[in-house]
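Listed here are the chains, written in short residue letters.
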Amino acid sequence: DGGITQSPKYLFRKEGQNVTLSCEQNLNHDAMYWYRQDPGQGLRLIYYSQIVNDFQKGDIAEGYSVSREKKESFPLTVTSAQKNPTAFYLCATTWDRFSYGYTFGSGTRLTVV
Amino acid sequence: GQQLNQSPQSMFIQEGEDVSMNCTSSSIFNTWLWYKQDPGEGPVLLIALYKAGELTSNGRLTAQFGITRKDSFLNISASIPSDVGIYFCAGLGTSGTYKYIFGTGTRLKVLA
């Protein structure tokens with residue numbers, strides 16, 4: 001079964017800690033994206049990558065970092081510089097026919113404790 | 001960053017009623033998508049639209065690509081309790097971009 005796997009489903013972070021959210025896909029899709037979702041605000045783009053070893057900042061990249069060393073993987077690190085990290089994080093992929101839209105993972109809910 | 005305007009923001013309806021929602025933009029789009037998100041899950045694609053004026057159905061769902069290319073509409077007929085969730089529109093622009101712009105979502109609650 002092809003799909004996107006995000007882990008963990010729930011994550012708790014202490015103040016000042018970095019945490020990494022995992023996103024793995026076996027769809028052989030080229031492009032991968034990270035979105036942040038807050039109540040009532042829709043989806044906001046954090047980072048995206050169209051090919052391996054290349055990625056671009058989205059609209060709210062401050063306090064986040066990514067890597068794309070493999071086609072299948074696009075991990076997101078939420079650093080201590082992100083002052084309000086509590087949110088629902090969604091990973092998405094698409095292949096080179098972008099008009100077909102994104103396939104989303106099931107999300108990771110990050111809470112600062 | 002740009003976001004699309006969706007309305008209404010939320011709605012309560014009785015089971016069996018029809019539902020309409022829309023999405024508007026100041027920019028022209030080549031593709032419109034409609035997604036549904038269940039609580040605690042990722043959005044799932046419902047309908048994709050590729051041409052101005054296009055009307056596409058998926059079961060009880062019907063969506064239209066506005067003729068101005070700046071808006072899109074989603075209708076749900078004879079709503080049922082499992083229609084509960086957040087409905088998002090998304091648009092793909094004309095400038096060779098690889099990023100979809102998402103609407104702010106319409107939260108639907110169905111009263112049995």
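Structure shown above.
What you see is a predicted model; the values in this text were computed from it and never measured.

### Overview of the packing of aromatic side chains
For the structure shown, the criterion picks out 14 aromatic pairs over all chains. Note on A:Tyr35 and A:Tyr102: the rings are 5.8 Å apart at their centroids and 50 degrees apart in plane angle, and the pair reads as tilted. Here A:Tyr102 lies in the loop between β9 (87-94) and β10 (103-104) and A:Tyr35 lies in strand β4 (residues 31-37), a separation of 67 residues in the sequence. Like A:Tyr35, the residue A:Tyr102 is buried in the burial classification. Geometrically, the ring pair formed by A:Tyr102 and B:Tyr100 is edge-to-face, given 5.1 Å between the ring centres and 75 degrees between the ring planes. Of this pair, A:Tyr102 sits in the loop between β9 and β10 while B:Tyr100 sits in strand β10 (residues 100-102), which puts the two residues in different chains. The same class applies to A:Tyr102 as to B:Tyr100, namely buried. Three or more aromatic residues joined by ring pairs make a cluster, and in this case those are A:Tyr33, A:Tyr35, A:Tyr48, A:Tyr102, A:Phe104, B:Tyr35, B:Tyr100 and B:Phe102.

### Quick word on the interface of chain A and chain B
At the interface, 22 residues of chain A touch 20 residues of chain B. Interface of chain A and chain B: buried area, both sides summed, is about 1800 Å²; carbon and sulfur atoms make up 57% of it. Across the chain A-chain B interface, the total number found is 0 salt bridges. Put simply, chain A and chain B have 5 residue pairs in polar contact (both at pLDDT 80 or more) between them. Taken together, the residues of the side of chain A that touches chain B sort by class into 11 nonpolar, 8 polar and 3 charged.

### Describing the sheet that holds strand β8 (residues 76-78) of chain A
Residues and elements named next belong to chain A. Sheet architecture is open: 4 strands sit in the order β1-β3-β8-β7, paired in antiparallel fashion. Both outer strands of the open sheet, β1 (4-7) and β7 (64-66), are each paired with one neighbouring strand and no more. Going across the sheet, the axis of each strand differs from the next one's by a mean of 20 degrees, ignoring polarity. Of the pairings in the sheet, the one linking strand β3 (residues 19-25) to β8 comprises 3 bridges and is antiparallel in character. Each residue of the ladder has a partner; that of Leu21, found in β8, is Leu76.

Cut-offs applied
Residues numbered from 1 in each chain as written. Chains lettered and ligands numbered in written order. Predicted model: local features only at pLDDT ≥ 70, side-chain atom pairs only at ≥ 80, totals over all residues. Heavy atoms only, no water. Phe/Tyr/Trp six-rings, centres within 6.5 Å; stacked < 30°, edge-to-face > 60°. Helix = DSSP H or I, 4+ residues; strand = E, 2+ residues; numbered from the N terminus. Buried < 20%, exposed > 50% of the residue type's maximum accessible area, 1.4 Å probe, protein only. Contact = heavy atoms within 4.5 Å. Buried area = accessible area lost by both parts, 1.4 Å probe. Salt bridge = Lys/Arg side-chain N within 4 Å of Asp/Glu carboxyl O. Polar contact = N/O pair within 3.5 Å; in protein donor to acceptor, adjacent residues only side chain to side chain. Nonpolar A, V, L, I, M, F, W, Y, C, P; charged D, E, K, R; others polar. Pairing = 2+ DSSP bridges. Axes fitted to C-alpha atoms, helices over the stretch in contact; angles between N-to-C directions.

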